[in-house]
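Spelled out from the first residue to the last, the chains are:
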Amino acid sequence: MKKKDITISWFLLGFLTLITAYIFIFPMLWGISTSLKSEVEFLDVENWGIIPNDITFEHFIYMFKKSSMMTWYVNSMMTSLGVTFLVIIISMPCGYALSQIQFTGKNFIFVCVVLSIMVPGTALVIALFIFVAELRLINTWTGIILPQVISPVCVIVYKQFFDQVPKELREASLIDGASEFQILLRVYMPLNWGITAALALVTFIGAWNNFFWPFIMTTKTEMYTITAGMSQVDENWGVRNAYMMAVAMAASLPVVLAYIIFQRRITQAIMLTSGIKG
Amino acid sequence: MNSNLQSNLTAWVLIFPFVFFFTVFLVYPFAYTVVHSFTDSPLIGWGNWVGLENYQKILKDKLFGKSIYQTFIFVAWTVIPNTVIGLLIAMMIHRIQSTIYAAIILGCFFIPHILPVTVVTDIWGSMTSNDLGIIQWIVKMFQDDPIPFFRHKVWAMPSVALITVWWTVGFNVLLFLAGLKMINPEIYEASDIDGANKWHKFRFITWPLIWPITALVLTLQLIFQLKIFDQMFLLTGGGPYNKTMVVLYHVYKQSFMMNKGGYASAIALLIFLFIIFVSVANYYMLRAVDLDKQR
């Protein structure tokens, strides 16, 4: 009797899991499906199916040949890669110094870093906007990138990681006559490729997905990033739903692919950045 | 002495890039916002010093009060469901034995979380569009007219909240899943011997042991959802009748649309202080509860 009970509830729970998962992923599947339909098929509500009757890539071809999408894609890619690269090369040395070297002002800097995690970026957006405008960086990649390069969380994750490396490693290198820079580059950096990869991935995803900053920062169509640009042309497209979905799917492709390929690294990064040892 | 000076120098070279950008893009804008909030400046440029006038205006600003109230409504609609649903889904995934199957199911819940906000609002905007949206078919089973979810004075707020839960719950699932994996399975085995049923196991083992994660999720969610802006901006525009006007949207309107830079800075600063207050209070409160549990 007891065993049978378990199998039924086991089966029901498994079924429930599947249904819930399907409900959650459905909007995404719906988006993919719609992006592969012609506008005519999309309007034909009566014969709707999750698998298109005629799969067409016309929207994607149009998007990359005739629209501004290609430019927006390049803008997104360059600014996101720029942010990622700068976040890593700025945070790693800072985390290293905070972890390994005794220096005047160390505690003060560390407290500032920890406190700044709480700063809501949105509250500073007006001041940042004015500042970047004064620097004449509106409508430039630099303007989009620079305010995003401070990542206190990355600094703290690096510091915590370097704290765990045995002290002997650094001392031995110092006796061998290596400078701090050489130790960081040749000893510590090769030790933490995993963490660097994980942090780089989430930083890239965050920068790619950033909407509000690139949105208020850019006034020229050719300077939009894809996330900002999408919101601008919605109205002009009117009823072109299928095309709109194709744009949305193209805009999510890099981040979704990154997740599917690097699922474990991204999970690790989220654990690290939220303060759980993963 | 010499080596001390040298290590100071090296350290400062290593931290300089961070400190530089930190000062330029965080400390400076913060100081600017503080000063700006005591003036009647437009969005760009400086106005006259008006002292505390902006802050007095906030007290009388009815829309500000409304936007604060609605921000809390939004927080209530999102934070609790997000935490509860996150834990339930994590428990569902945790019992899956096959690693690949678990990864696929986890992917179904997590992929929405990594989508750009514009994609999220586009998908849901399309799915709920009046004539063609697939969600409207369900509505049509119950009534003849479609519901314009984001332009409806009752539906707009819960609709945006629902989409936000869909978008952000994956993150919580991941944290809870990590927490569940940390619980030693021997504890459950021991409770089997004592004849514990499933509810007992959840109530007396899972729940107390996962509490630190729950506290973390609640804190992160609260801070994150208080900053609601993008979805309102893209889906409802604060409408209808300011029914979805949230506090950061109010700031946006005052500054970028009404050109009241000084006043908007004052509101922004209050939000900033409030979020810090919530973070700190939350931290201590949850820690206190945590200690009570362990006693």
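Located above this text is the structure these notes cover.
What this report covers is the structure whose coordinates are included nearby. Owing to the predicted nature of the structure, the values given are computational and were not obtained by experimental measurement.

Our next topic: the overall build of chain B. Within chain B one finds twelve helices and zero strands. By the compact-globule yardstick of 19 Å for 295 residues, chain B is too spread out, its C-alpha radius of gyration being 24 Å. When its C-alpha atoms are laid out on the principal axes, chain B stretches across 80 × 75 × 35 Å. Among the 295 residues that make up chain B, the fraction classed as buried is 52%. In chain B, of all internal contacts separated by at least 6 residues, the share reaching a separation of at least 24 is 65%. In the form shown here, chain B has an accessible surface area of approximately 14,400 Å², with 68% of it arising from carbon and sulfur atoms. In chain B, 19 positive and 14 negative side-chain charges are present, and the distance between their average locations comes to 6 Å.

Attention now moves to the pattern of salt bridges. Residue and element names in this part refer to chain A. With the rule as written, the count across this model stands at three salt bridges over all chains. In this structure, Asp-163 and Lys-159 form a salt bridge, with 2.9 Å as the shortest nitrogen-oxygen distance. Of this pair, Asp-163 and Lys-159 both sit in helix H8 (residues 152-164), four residues apart, roughly one helical turn. Across the salt bridge formed by Arg-170 and Glu-180, the nearest N and O atoms sit 2.7 Å from each other. Of this pair, Arg-170 sits in helix H9 (residues 167-175) while Glu-180 is found in helix H10 (residues 180-191), placing the two residues ten residues apart along the sequence. Like Arg-170, the residue Glu-180 is buried in the burial classification.

Moving on, we get to the interface of chain B and chain A. Listed as interface residues are 81 residues of chain B and, on the opposing side, 87 residues of chain A. For the pairing of chain B and chain A, the buried interface totals around 7,500 Å² over both sides, and the portion due to carbon and sulfur atoms is 82%. The largest per-residue losses of area from chain B upon contact with chain A belong to B:Leu14, B:Phe18 and B:Phe25, which jointly make up 11% of the total buried on that side. Applying the counting criterion to the chain B and chain A interface returns zero salt bridges. Where chain B meets chain A, there are seven residue pairs in polar contact (both at pLDDT 80 or more). Counting residues per element, the side of chain B that touches chain A draws most heavily on helix H1 (residues 2-36) of chain B, at 22 residues.

Turning to the nonpolar core, a few remarks are in order. Counting 176 residues, the largest nonpolar core has B:Phe25 and B:Ile93 as the members making the most contacts within it. The element that contributes the greatest number of residues to this core is helix H7 (residues 156-182) of chain B, accounting for 16 residues. Setting aside its immediate chain neighbours within four residues, B:Phe25 contacts A:Leu128, A:Phe131, A:Val132, A:Leu146, A:Pro147 and A:Ile150.

Time to look at helix H5 (residues 106-116) of chain A. Residues and elements named next belong to chain A. Within H5, the full set of buried residues consists of Lys-106, Ile-109, Val-113 and Ser-116. Viewed end-on, H5 has its buried residues packed into an arc of 105 degrees, placing them on one side of the element. Turned more than 90 degrees away from the buried face of H5, the exposed residues are Asn-107 and Phe-108.

Rules of the game
Residues numbered from 1 in each chain as written. Chains lettered and ligands numbered in written order. Predicted model: local features only at pLDDT ≥ 70, side-chain atom pairs only at ≥ 80, totals over all residues. Heavy atoms only, no water. Helix = DSSP H or I, 4+ residues; strand = E, 2+ residues; numbered from the N terminus. Rg over C-alpha atoms; globule rule 2.2 N^0.38 Å. Buried < 20%, exposed > 50% of the residue type's maximum accessible area, 1.4 Å probe, protein only. Contact = heavy atoms within 4.5 Å. Areas by Shrake-Rupley, 256 points an atom, 1.4 Å probe, with all protein chains shown as cover. Lys, Arg positive; Asp, Glu negative; His and termini not counted. Charge placed at Lys NZ, Arg CZ, Asp CG, Glu CD. Salt bridge = Lys/Arg side-chain N within 4 Å of Asp/Glu carboxyl O. Buried area = accessible area lost by both parts, 1.4 Å probe. Polar contact = N/O pair within 3.5 Å; in protein donor to acceptor, adjacent residues only side chain to side chain. Core = buried A, V, L, I, M, F, W, Y, C linked by side-chain atoms within 4.5 Å. Arc of directions from axis to C-beta.

Everything listed is a geometric property; what it means functionally is a separate question.
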